[in-house]
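# Architecture at a glance
Residues per chain, in single letters:
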Amino acid sequence: MKGRVLFLACLAAAWFTLSAAAGPTLDIYWIDVEGGAATLIVTPAKQSILIDTGWAQGPSATRIHDTAAQAGVRKIDYLILTHFHLDHFGGAAELATLMPIGIVLDNGIPDHNPDGLFDGGAFTAMIQPYRNFKADRRMVIEPGQNIPLWQLGGTAPLGFRCMGARGHFVHGAKDAANPLCGGVPDHAVDKTDNRNSVVSLLQFGPFKFFDGGDLTWNMEKELVCPVNSIGQVDIYQADHHGVDLSNNPLLVRSLAPTVSVMDNGARKGGSEATLATFRSVTSIQTMYQLHRDIRGGKEFNTDDQFIANTNEKCAGNYIKCSVDPSGKSYTISIPATGFAKTYQTKSEKDRQ
């Protein structure tokens, strides 16, 4: 009897040790909102950050809610809107009817079309549901602002910081000059609200994830030149759904990601030039896409195994990243297809 009790005690101890070793992960979900943007972050302590909400029409809000539910999230603690275009703010109002939303952070709701265009009041009507949806609190986000997050014992230090908003970026006085600056021509000045996109940096121990919304070419240059205060990252969410109005080679080379993730649609986002840029950056091991771009062939797409939805009419498969509790490794998966690949997080030596 004593031997059986000892065996059960050892088995329980082994199970506890294994569970503790596996530990709570930091999870990132790139949700398919058909060419819009919706990135859900779930911390080890089960706090949630949603960056953008997809479209007002279609499955955006439902897919966000369903993905959150699968992740054990019952409330969006922080909703961050990168800018005021419909494919980013559109799903918020409907989502608020499906689950509670805590703190909303954005650039301040404009009274008129933020692209400076006369639209006969169309934007005023489109933004009304966003203006009126129920949330615990609304705030204007500021460059350099840190989002307070719970730190779970036994896991890597966790931080989330706004690195830019409304065309203003965080640069440290002691940051060294970026030697990669120069050699890439500017584009024409962008007058749309894309240029005002909120730039976010998520850190979990050594792990770093970059989300720049729809930041465009010249502003991407300003973000990392003459100094790069972000440094090298592990995962780069392709700016602006992968279009070539964004994804300046200066930015991508300076961030030197191991992985890129493109939140494109079957007919929206992506470009041959952007894929060429990604292929030219030697640090990038894998390029992921939410959709196969049906407008082009291999020059517009990564390999099929790295694409969540290969058909235009799809189930809305998401891409997931799970970061080890230590922050020293992470696994990118497409659960619907069974694909998974693990990467080692960059060390401080790697980032130099």
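Residues numbered from 1 in each chain as written. Predicted model: local features only at pLDDT ≥ 70, side-chain atom pairs only at ≥ 80, totals over all residues. Heavy atoms only, no water.

### Some remarks on unusual backbone geometry
Note the cis peptide between Cys-225 and Pro-226, where omega equals 5°. In this structure, Lys-46 takes a positive phi of about 70° despite not being glycine. Along the polypeptide, Lys-46 turns up in the loop between strand 2 (39–42) and strand 3 (48–51). One non-glycine residue, Asn-247, lies in the positive phi region at around 65°. Note on placement: Asn-247 falls in the loop between strand 11 (235–237) and helix 7 (249–255). (Helix = DSSP H or I, 4+ residues; strand = E, 2+ residues; numbered from the N terminus.)

### Describing the state of the cysteines
Following the criterion strictly, the structure yields one disulfide and no others. One disulfide bridge connects Cys-181 with Cys-225, the sulfur atoms lying 2.0 Å from each other. Its torsion about the S-S bond being -105°, the disulfide of Cys-181 and Cys-225 is classed as left-handed. On the criterion of sequence distance, the pair formed by Cys-181 in the loop between strand 8 (168–169) and strand 9 (199–204) and Cys-225 in the loop between helix 6 (217–224) and strand 11 is long-range, its members being 44 residues apart. Residue classification places Cys-225 among the buried positions, given a relative accessible area of 12%. A disulfide-free cysteine, Cys-162 has its sulfur positioned 19 Å from the sulfur of Cys-225, the nearest such atom. (Disulfide = S-S within 2.5 Å. Buried < 20%, exposed > 50% of the residue type's maximum accessible area, 1.4 Å probe, protein only.)

### Here we look at the pairing of strand 12 (residues 259–262)
For a regular strand, side chains alternate in direction, first toward one face of the sheet and then toward the other. Neither face of strand 12 is left uncovered, since the one carrying Val-259 and Val-261 and the one carrying Ser-260 and Met-262 both have all their residues buried. By the bridge criterion, three bridges tie strand 11 to strand 12 in an arrangement that is parallel. Bridge pairing links Ile-235 to Val-259 in strand 12. Crossover connection from strand 11 via helix 7 to parallel strand 12: handedness right-handed. One ladder, built from four bridges, connects strand 12 with strand 13 (residues 286–291); its direction is parallel. Bridge pairing links Val-261 to Tyr-288 in strand 13. Running through helix 8 (residues 272–280), the crossover from strand 12 to the neighbouring parallel element strand 13 is right-handed. (Pairing = 2+ DSSP bridges. Right-handed = clockwise from strand over helix to strand, strands pointing away.)

### Things to note about the confidence of the model for the protein
For the protein, mean pLDDT is 92; residues scoring 70 or higher make up 93% of the total. In this model, residues 1–21 is a region of pLDDT below 50 whose contacts with residues beyond four sequence positions or in other chains number zero contacts. (pLDDT = per-residue confidence, 0-100. Contact = heavy atoms within 4.5 Å.)

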